[in-house]
Amino acid sequence: MEAQCIQEETAYCTAECPVHVNVRALMSYVNKGSFEKAFKSYAKQVKFPMIISRICDEPCRAVCIRKTLDDPLAVRLIEKACVDYTVVKRRNWSGKVKKSERIAVIGGGLSGLSCSVELVSKGYDVTLYEKAERLGGRLWNFDRLLLPAEIITEELSGLESAGVRVCLNSSVVSLSELDFEAVYVGTGINGNGFALTQAAGKSKGVDPVDPVSLATSREGTFMGGSMLGSEQHYSPIHSVSQGVRAGKSIDRYLRNLSLSGEREKEGSYQTRLYTDISDKEIKFMVPLNDSAQGYSEAGAREEAARCLQCDCKICVKTCCFLESYSEYPKSYVKNISKSLTVIPTMGTRFASRLVNSCSVCGLCKEVCVTKFDMGVACLEARKIMVDQGDMPAAFHDFFLRDMMFANSEPSFLVRQQPGAQASSYLFFPGCQLSASSPGNVEKAYKYLMRLLPGGVGLMLGCCGAPAQWSGRTEVYKEQLQQFQGHWDSLGRPKVILSCPTCIKMFKEYLPGVPVRSLWGLIAHVGFSCKDNSAKGLSIAVYDPCSSRYDPESQGSVRTILKELGCNITELPLHGKYAQCCSYGGLIQAVNPDLANQITNQRISASHLPYVTYCINCRNDFAAKGKPVWHLLDLLFGEASEAEANQQVPGYSERRNNRISLTTHLLESIWGETVEIAQQTHEKIKLIYSASIQDKMERELILLNEVKEVIYYAEQTGNKIIDTASNHFVAHLQLGIITYWAEYLPNGNAYEVFNVYSHRMQIEEKGL
């Protein structure tokens, strides 16, 4: 997975540059006015920065991504500026460790000069032969205004002090007269090729010069530079590159290493980087008064500021989770891997909060050009942590207990349609719709019974998504087996689902169960009502992230809304780019601040009220004050403003709603009398403020748990008095969580002043 992330891939300009100048760093330094740092970065890759910055043919500009917007960056002119505005230009060409092997370099042009510097920097004894009276070769053919003679002289003056033995006016007639361990031939266009490039070499099916290593058919002899180039187009930077590559080849040859090894990204190559520039501002190239003189410091900084600092990070820009950790998937996966293998320097489970802060929605995969899915990585890491016993139990405890409650008495329900021995269909609305909107569940079920022949059964419960999201594979399998068993007992009917998460889970993990979206069914048969109060509503459709790969449901929802007469506006990200509301992956319990940030971002995507078909989306948005309808509100309700702003039931109320719905349906539809036995602690009454209610919701504390604490304290006397407030303070461990309540009796009730919880286990011993 790590290899899929392309964020660390080379920028287009650097990959195209034969010597791989780090243009992004160069532009960043110049933009900040750090010309000396820019020069140091430039000189690391370019052997002769004073010369090349004036004559480089700039292959990088041909691939600069800015050219699709306005003008490519003036890279060479920026390079020249970093040379011009650096006072001390230090270059360290000589190697620290001297080697005994001797190498001959024939030709004093850029190619031979670069090869000589590369080899001498590795500690080799280098002798450079030049038939002319001065070094530089074709450098002397350039316009003197562009490349003054003193620049060439100054740049090359340090060659001998670096350790290169320079022999001017020395023409090599035959290679056999040389006594060296290796030879490089860089004699330029029309130079002496010593018969190494003759076509006879190709008659045997072998290139006379290897394109990778630049080795010739003659043992220990290498060739490059303009001899292998085009007479019509002289490329100074390619000459430098070939000289450097030849130097590396000679080094590998003398060390008996493979000449073709470790050469993958020498010279120009294709980068995998992808950069989205759709939101970038148009800024044309900063004009010059005199191209030979180049930019002023201010002009150079202004032009460098045009650099887009090309990177990928499209997933980071799209996902609040990825952005919140200030890195990118490749980096995250590295840290997760280290954490899971317990590298001591990473600390204890460094990535535990990171992997549990992902909503596992898959949006990153959809925007990524390589289809990297951070959700898959995080979910796999969660499974590993669970298997290794390293998953903090408190992270998912609340939602796992909620799942188990939904699948146990008195919430769970499974029945054939009244009077039917078998049913052709089974309606499974999902646990959260039953908890938050029980009235719509009842209306939808009665609608289906009227609509569909062959009988429609009903099952109330949870699909097990919380177990799957938390990485607890075995627990999830148990929930699936429970559903499968009941489905088998009903005669294996077609299953109608309204929850997008249930649809996704069933299709992925229960492929043998035939499922149909409630929305697809309604869109197919049509929906009519006497008083269509939704007509004329201007709304934005919010696609739940779990509907990403369910285009049928997404399309059906829009068909229904159009039939209802709504004016639909699409959000910037919808369809396969649907975003998580913050409920997915159970991140609220692990990273509430991130969940809050995500929800706020989602509701700000449009000023219009939303319509969604996921009750979790509806709850998250409505809790923040966003007007939002669940689609069933428009189908079976009044489509009123009051419904759009309807208060979200708290977690305790949702549990009660499940019980009430099951009880009500059994009595009203199946005629079964149901008695719900209350435990003693459930009968006590509590008085608490809205702020306490808000705190219980934020910290996932149920009203029933507070009642248990107080009941236990009152029955056992295990409580203390806070002398500052004169309030009773009591605690009780329920499962892995210890709950606290600060309270006082108030008539026939108890007034609650504070509640909180933690995983700490309190050990109490008598005196």
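Just so it is clear, the structure is predicted and the values come from calculations on it, not from any experiment. (Residues numbered from 1 in each chain as written. Predicted model: local features only at pLDDT ≥ 70, side-chain atom pairs only at ≥ 80, totals over all residues. Heavy atoms only, no water.)

S.K.: What should I look at first to understand the overall build of the protein in this one?
M.R.: Summing up its helical and strand segments, the protein has 32 helices and 19 strands in all. For the protein, whose C-alpha radius of gyration is 37 Å, the value lies well above the compact-globule estimate of 27 Å for 767 residues. In terms of overall dimensions, the protein has a C-alpha envelope of 110 × 75 × 55 Å along the principal axes. Relative to its full complement of 767 residues, the protein shows a buried share of 54%. Within the protein, contacts between residues separated by at least 24 positions form 70% of all contacts whose residues are at least 6 apart in sequence. A total accessible area of about 34700 Å² is found for the protein, and carbon and sulfur atoms account for 49% of it. For the protein, the distance from the average position of its 83 positive side-chain charges to the average position of its 83 negative side-chain charges is 3 Å. (Helix = DSSP H or I, 4+ residues; strand = E, 2+ residues; numbered from the N terminus. Rg over C-alpha atoms; globule rule 2.2 N^0.38 Å. Buried < 20%, exposed > 50% of the residue type's maximum accessible area, 1.4 Å probe, protein only. Contact = heavy atoms within 4.5 Å. Areas by Shrake-Rupley, 256 points an atom, 1.4 Å probe, with all protein chains shown as cover. Lys, Arg positive; Asp, Glu negative; His and termini not counted. Charge placed at Lys NZ, Arg CZ, Asp CG, Glu CD.)

S.K.: Would you mind showing me how to read the pairing of strand β19 (residues 749–758) here?
M.R.: One face of the sheet, then the other: side chains in a regular strand alternate in exactly this way. Bridge analysis of strand β15 (residues 686–687) against β19 gives two bridges, and the strand direction is parallel. Residue pairing in the sheet places L686 in a bridge with Y750 of β19. Note that strand β18 (residues 737–746) and β19 share nine bridges and pair antiparallel. Among the inter-strand pairings, W740 is bridged to a residue of β19, identified as Y756. Here β18 folds back onto β19 in antiparallel fashion, the turn holding two residues, of which G747 has a positive phi close to 65°. (Pairing = 2+ DSSP bridges.)

S.K.: I'm lost on the nonpolar core in this one. Help?
M.R.: Nonpolar side chains tend to gather and get buried jointly when the protein is soluble and globular. The biggest cluster of nonpolar side chains holds 94 residues, and the ones touching the most others in it are M374, F428, F483, V495 and F506. For F428, the contacting residues outside a window of four places in its chain are M459, G461, C462, C463, F483, V495, I496, L497, S498, C502 and F506. Counting residues in hydrophobic clusters, the runner-up holds 85 residues, among them F39, L159, A246 and A304. (Core = buried A, V, L, I, M, F, W, Y, C linked by side-chain atoms within 4.5 Å.)

S.K.: How should I be thinking about the packing of helix α2 (residues 23–31) against helix α6 (residues 75–84) in this particular structure?
M.R.: One can describe the packing of α2 onto α6 by two numbers: an axis separation of 11 Å at closest approach and a directional angle of 55°. If you check the angle between α2 and α6, you find them oblique. The way α2 lies across α6 gives a crossing that is left-handed. On α6, the residues touching V23, L26, M27 and V30 of α2 are V75, I78, E79 and C82. Here the residues of the contact of α2 with α6 are counted per class, giving seven nonpolar, no polar and one charged. (Axes fitted to C-alpha atoms, helices over the stretch in contact; angles between N-to-C directions. Parallel < 35°, antiparallel > 145°, perpendicular 65-115°, else oblique. Left-handed = near helix turned anticlockwise from the far one by under 90°. Nonpolar A, V, L, I, M, F, W, Y, C, P; charged D, E, K, R; others polar.)

S.K.: How should I be thinking about the environment of E9 in this particular structure?
M.R.: The topology assignment puts E9 in the segment before α1 (12–16). On the basis of relative accessible area, E9 is assigned to the buried category, the value being 13%. Remark: the alpha-carbon pair of E9 and L273, spanning 264 residues in sequence, is separated by 5.4 Å. In this structure the side chain of E9 is engaged in a polar contact, spanning 3.2 Å, whose partner is the backbone nitrogen of R272. (Polar contact = N/O pair within 3.5 Å; in protein donor to acceptor, adjacent residues only side chain to side chain.)

S.K.: What am I meant to see in the sheet that holds strand β17 (residues 727–734) here?
M.R.: Strand pairing in a sheet is mediated by backbone hydrogen bonds. Such pairs are either parallel or antiparallel. Taken together, five strands build an open sheet; the order of strands is β15-β19-β18-β17-β16 and the sheet is mixed. Edge strands, defined here as strands with exactly one partner in the open sheet, are β15 and β16 (720–722). Relative to β17, β16 is paired through three bridges, and the arrangement is antiparallel. Paired with I721 across the bridge in β17 is F728.

S.K.: Mind showing me how you'd approach the confidence of the model for the protein here?
M.R.: The predicted coordinates ought not to be read in detail in places where the model reports low pLDDT. Averaged over the protein, the pLDDT score is 92; the fraction of residues at 70 or greater is 95%. Confidence drops under a pLDDT of 50 for residues 199–204, and excluding neighbours within four residues, the segment shows three contacts in the predicted structure. (pLDDT = per-residue confidence, 0-100.)

S.K.: Quick question: what am I supposed to make of unusual backbone geometry here?
M.R.: Of all residues except glycine, most have a negative phi; of all peptide bonds, most are trans. The amide bond that connects E409 to the next residue, P410, takes the cis arrangement and shows omega of 5°. As for its position among the elements, P410 is in the loop between α17 (397–406) and β6 (413–415). With a phi close to 50°, K313 is a non-glycine residue in the positive phi region. Within the secondary structure, K313 is located in the loop between α10 (297–304) and α11 (314–318). Overall, K313 belongs to the partly exposed group, its relative accessible area being 25%. The phi torsion at R492 lies on the positive side, around 55°, for a residue other than glycine. Its location among the elements puts R492 in the loop between α21 (473–489) and β9 (494–497).

S.K.: Help me understand the pattern of salt bridges in this model?
M.R.: Note that side chains of opposite charge can pair when their charged atoms are close. Applying the stated criterion to the full structure yields 28 salt bridges. With a shortest N-O distance of 2.9 Å, E705 and R401 are connected by a salt bridge. One end of the pair, E705, is in helix α32 (residues 703–716); the other, R401, is in helix α17, and 304 residues separate them in sequence. With a closest N to O distance of 2.9 Å, K446 and E442 form a salt bridge. Taken together, the residues K446 and E442, both in helix α19 (residues 438–451) and four residues apart, mark about one turn of the helix. Relative accessible area serves as the criterion here: at 33%, K446 is assigned to the partly exposed category. Salt bridges here are not isolated pairs; linked through shared partners, they connect R66, D70, E303 and R306. (Salt bridge = Lys/Arg side-chain N within 4 Å of Asp/Glu carboxyl O.)

S.K.: What should I look at first to understand the side chain of R66 in this one?
M.R.: Its place among the elements puts R66 in the loop between α5 (59–63) and α6. On the accessibility criterion, R66 (2% relative accessible area) is buried.

S.K.: I'm lost on the sheet that holds strand β5 (residues 221–223) in this one. Help?
M.R.: The strand order β3-β2-β1-β4-β5 describes an open sheet built from five strands, whose pairing is parallel. Two strands close off the open sheet at either side, each with one partner strand: β3 (164–167) and β5. Here the strands of the sheet are splayed against their neighbours by 20° on average, with no regard to which way each runs. Bridging between strand β1 (residues 102–106) and strand β2 (residues 125–129) involves five bridges; their strand directions are parallel. Looking across to β2, one finds that I106 is bridged to Y129. Packed onto the sheet, helix α7 (residues 110–121) meets β1, β2, β3 and β4 (182–185) and runs at close to 165° relative to β2. Against the sheet, helix α9 (residues 236–254) touches β1, β4 and β5, its axis set at about 165° to β4.

S.K.: It is not clear to me how a positive patch on the surface should be interpreted in this structure. Could you clarify?
M.R.: Taken together, the side chains of K32, K37, K40 and R90 define a basic patch exposed on the protein surface. Secondary-structure assignment places K40 in helix α3 (residues 35–45). Note on K40: relative accessible area 58%, which makes it exposed. (Patch = residues over 30% accessible without salt bridge, like charges linked within 9 Å, V, L, I, M, F, W, Y side chains within 5 Å.)

S.K.: In this structure, what is going on with the packing of aromatic side chains? I would like to understand it.
M.R.: In the structure shown here, the tally under the stated rule is 25 aromatic pairs. With 5.1 Å between their ring centres and 75° between their planes, F398 and Y651 make a pair best called edge-to-face. Of this pair, F398 sits in helix α17 while Y651 sits in helix α30 (residues 651–668), placing them 253 residues apart in sequence. By the burial criterion, F398 is buried, and Y651 matches it. Ring geometry for W740 against Y756: centres 5.7 Å apart, planes inclined by 10°, an arrangement best described as stacked. Of this pair, W740 sits in strand β18 while Y756 sits in strand β19, and the two are 16 residues apart along the sequence. Under the relative-accessibility criterion, W740 is labelled buried at 15%. With a relative accessible area of 30%, Y756 lands in the partly exposed category. Here the aromatic residues F398, F399, W469, Y583 and Y651 are joined through ring pairs into a cluster of three or more. (Phe/Tyr/Trp six-rings, centres within 6.5 Å; stacked < 30°, edge-to-face > 60°.)

S.K.: Please explain the packing of α19 against helix α23 (residues 518–525) as it appears in this structure.
M.R.: At a minimum axis distance of 13 Å, the contact between α19 and α23 shows a crossing angle of 50°. Judged by the angle between their axes, α19 and α23 are oblique. As for how α19 packs across α23, the hand of that crossing is left-handed. Here Y447, L448 and L451 of α19 come into contact with α23, specifically with L518, L521, I522 and V525.

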